[in-house]
Amino acid sequence: MVRSLEKVDMDKIVSLCKRRGFIFQSSEIYGGLGSTWDYGPMGVELKRNVKDAWWRSVVWERDDMVGLDAAILMHPRVWKASGHLEGFVDPLVECSWCHRRFRADHLVAWDVYGVNRGSEWLLGQVADVDPPNNQPSQQVLYEITGLADKGGFGTSHYKISDRPIEELIMTGRLPCPVCRTLRTLSPPRNFNLMLKTFLGPVEDTASTVYMRPETAQGIFVNFQNVLTATRRKLPFGIAQIGKAFRNEITPGNFVFRTREFEQMEIEFFVKPGTDEEWHQRWVQERLQWYVKLGIRQENLRLRRHGKDELAHYAKDCYDIDYRFPWGWAELEGIANRTDFDLKAHSAESGLPLAYFDEETKEHVVPYVIEPSGGADRAALAFLIDAYDEEPDPGQKEIRTVLHLHPSIAPVKVAVLPLSRNERLVPTARQVYDTLRSRLRGLVQYDDAQSIGRRYRRQDEIGTPFCVTIDFQSLEDNAVTIRDRDTMAQVRVPIAELADALAKRLEGQDS
RNA sequence: GCGGGGGUAGCUCAGUGGUAGAGCUCCUGCCUUCCAAGCAGGUUGUCGCGGGUUCGAGUCCCGUCCCCCGCUCCA
């Protein structure tokens, strides 16, 4: 079974998602609403399975984790304390000539002075985006000072100094870092990435609240509650799955970046000093989760954030990236948030948020390791990685099949009578009824059209096993189990069918 | 926000001013044996939306929404 990424293009995925009921565009009959998507009957099963697998892995299978489900709407002061009100703002600068946009805080600017006989004068200004070395390039210097025409002279004649970016932009003498045009950069405009709404029926008197931009804060503000209620000792973690909202400037790539999305977040509280070790452990733990559920290792990578890339709360961060058809992109970030959040909420609320260490008889503010993944992104990655088109032996048709791990496949088993012949129906319905009650997960019944067509339909939604009832079944009380990946068939007595299927579905779990 | 491409049946798309189409899918019936099979039938459209020009608009004009690629960013 060779699955190459070249076969996957997003149009085919999007098309399959709609055709088979995985993902629909939201509000489609009204022309759609940008960046919002609805999960159909297959999609909701897939996404639930992904979330369940995550929950099982990080809560049920561990003894150092508990769960939580906090409200989406929280007190506005939460966002003041967390820094989102101030810091979750991208100051954007736009060049009116080339229409490129830059984050002002990613621009680095220098004044360039010429020096002659002890006096100095401003030759010009230079901007660059995330330069590798903290200096403007020689080429840029020549262009901005016009020295190239005069044959140029050495850098010893320059004096370079940093200045606040905003001030430089206002002077109009700072060129666009890409097209180098002068006087075209707009003043920085703040894009607050939080969605606002109003609490209370009358808009003018209602209070402004925010739709949470991350589920994490619900965990931090409940830290003391959980600690008291569960009598946990460090280290321990709190897991939460829930919707979050961000006014992304540029959403896109199907469900990859949307303004409403679902997070699977852990805040793992550890003693200061042990945080770096726990960080490494969680990075490996989380990476292996994707591998275990079937994502090919070569399509996954770890990427450590550069210092300049870190969020305002983070000391260190690794991304788990997946090789999407459009390139490497983040599935999950595992950050070391230090004691930033607990201390911030403690300061804002005036309440101590700390842990009493019985050994040292001291209060400590735990450090926090945060594995934070996107449920929608994970589901999409599983879908893409499972997608395959195989040549159909003997036929010219291609077989489209999702090689989904059984535990996340939307339909576990399909029950297919060989034909609609009425003699087959009672046995087929009986098998269907039994499997529905005995198996964990969705079981489908399909008797429409030829058996081959029905196999292909199930392949396309990634159903691991099909059970076929034929006329011989009426004689020997046995049915056929057909394997999605190999298309091989084995005959099993009906009495043993549920166990045989359960074994196959769970046997591939590890 | 800017540039480029696009929106016609469930899907992929054809249709450059004159009766809305094709392939696949889907549905019904027949078939005692297994991989989109065969035979016989059948359903499907606010041509993204709103205006305008015209005797007549899927087609031309204006506006608008949405999708894709790029610039940006994160889960």
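Basis of the calculations
Residues numbered from 1 in each chain as written. Chains lettered and ligands numbered in written order. Predicted model: local features only at pLDDT ≥ 70, side-chain atom pairs only at ≥ 80, totals over all residues. Heavy atoms only, no water. Salt bridge = Lys/Arg side-chain N within 4 Å of Asp/Glu carboxyl O. Helix = DSSP H or I, 4+ residues; strand = E, 2+ residues; numbered from the N terminus. Buried < 20%, exposed > 50% of the residue type's maximum accessible area, 1.4 Å probe, protein only. Expected span 1.5 Å × (residues − 1). Contact = heavy atoms within 4.5 Å. Axes fitted to C-alpha atoms, helices over the stretch in contact; angles between N-to-C directions. Left-handed = near helix turned anticlockwise from the far one by under 90°. Nonpolar A, V, L, I, M, F, W, Y, C, P; charged D, E, K, R; others polar. Domains from an automatic or database assignment. Buried area = accessible area lost by both parts, 1.4 Å probe. Polar contact = N/O pair within 3.5 Å; in protein donor to acceptor, adjacent residues only side chain to side chain. Core = buried A, V, L, I, M, F, W, Y, C linked by side-chain atoms within 4.5 Å. Near = heavy atom within 4 Å.

### A look at the pattern of salt bridges
Under the criterion given, the structure shown has 37 salt bridges. Across the salt bridge formed by Glu332 and Arg286, the nearest N and O atoms sit 2.8 Å from each other. Of this pair, Glu332 sits in strand E16 (residues 327-338) while Arg286 is found in helix H9 (residues 275-292), placing the two residues 46 residues apart along the sequence. When its relative accessible area of 0% is taken as the criterion, Arg286 is described as buried. Because the salt bridges share partners, they merge into one network encompassing Lys47, Lys51, Glu262 and Asp376.

### Focus: helix H11 (residues 375-386)
Taking 1.5 Å as the rise per residue, H11 with 12 residues should run 16 Å; its terminal C-alpha atoms sit 16 Å apart, in good agreement. Where burial is concerned, most of H11 is hidden: 12 out of the 12 residues are buried. Within H11 the residues assigned to the buried category are Ala375, Asp376, Arg377, Ala378, Ala379, Leu380, Ala381, Phe382, Leu383, Ile384, Asp385 and Ala386.

### Details of the side chain of Asn49
With respect to the helices and strands, the residue Asn49 is situated in helix H2 (residues 41-60). If sequence neighbours within four positions are ignored, Asn49 has contacts with Ser407, Ile408, Ala409, Pro410 and Lys412.

### With respect to the packing of H2 against H9
Running from amino to carboxyl end, H2 crosses H9 at an angle of 145°, the nearest separation of the two axes being 11 Å. Read as a crossing pair, H2 and H9 show a hand that is right-handed. The segment H2 lies against H9, with Val50, Ala53, Trp54, Ser57 and Val58 engaging Trp282, Glu285, Arg286 and Trp289. For the contact of H2 with H9, the per-class residue count stands at 6 nonpolar, 1 polar and 2 charged.

### Concerning the domain arrangement of chain A
In terms of domains, chain A is made up of domain 1 (5-84 + 201-384), domain 2 (89-192) and domain 3 (409-509). Of note, the centres of domain 1 and domain 3, computed from C-alpha atoms alone, are 37 Å apart. Taken together, the contacts link 9 residues of domain 1 with 10 residues of domain 3. With both chains or domains summed, domain 1 and domain 3 bury close to 820 Å², and 57% of this area falls on carbon and sulfur atoms. Taken together, the links from domain 1 to domain 3 amount to 2 salt bridges. Scanning the region where domain 1 abuts domain 3 turns up 3 residue pairs in polar contact (both at pLDDT 80 or more). Of all the elements in the fold, those that place two or more residues in the side of domain 1 that touches domain 3 are helix H1 (10-19) and H2. By residue number, the principal contributor to the side of domain 1 that touches domain 3 is H2, which donates 4 residues. Its residues placed into classes, the side of domain 1 that touches domain 3 shows 4 nonpolar, 1 polar and 4 charged.

### Examining the nonpolar core
Ranked by size, the top nonpolar core spans 57 residues in total, and within it Phe22 and Phe382 carry the most contacts. The biggest single contributor to this core is H11, with 9 residues. In this structure, Phe382 is in contact with Val50, Trp289, Tyr290, Leu293, Ile295, Leu404 and Ile408, ignoring residues within four places of it in sequence. One finds Leu435, Leu439, Val443 and Ala500 within the second-largest nonpolar core, a separate group that totals 21 residues.

### Regarding the protein's contact with RNA strand B
In the region of RNA strand B, 60 residues are neighbours, and Arg257, Arg423, Arg453, Phe471 and Gln472 sit closest. The sugar-phosphate backbone supplies 56% of the atoms of RNA strand B found within 4 Å of the protein. Glu330 has a polar side-chain atom sitting 2.7 Å from a sugar or linking oxygen of RNA strand B. With respect to RNA strand B, the side chain of Gln449 contributes an N or O atom lying 2.7 Å from a phosphate oxygen. Only H1, strand E5 (101-103), strand E13 (260-270), E16, strand E19 (367-374), helix H13 (451-461), helix H14 (471-476) and strand E25 (478-483) provide two or more residues apiece to the surface near RNA strand B. Among the elements that line the surface near RNA strand B, the one with the most residues is H13, at 7 residues.

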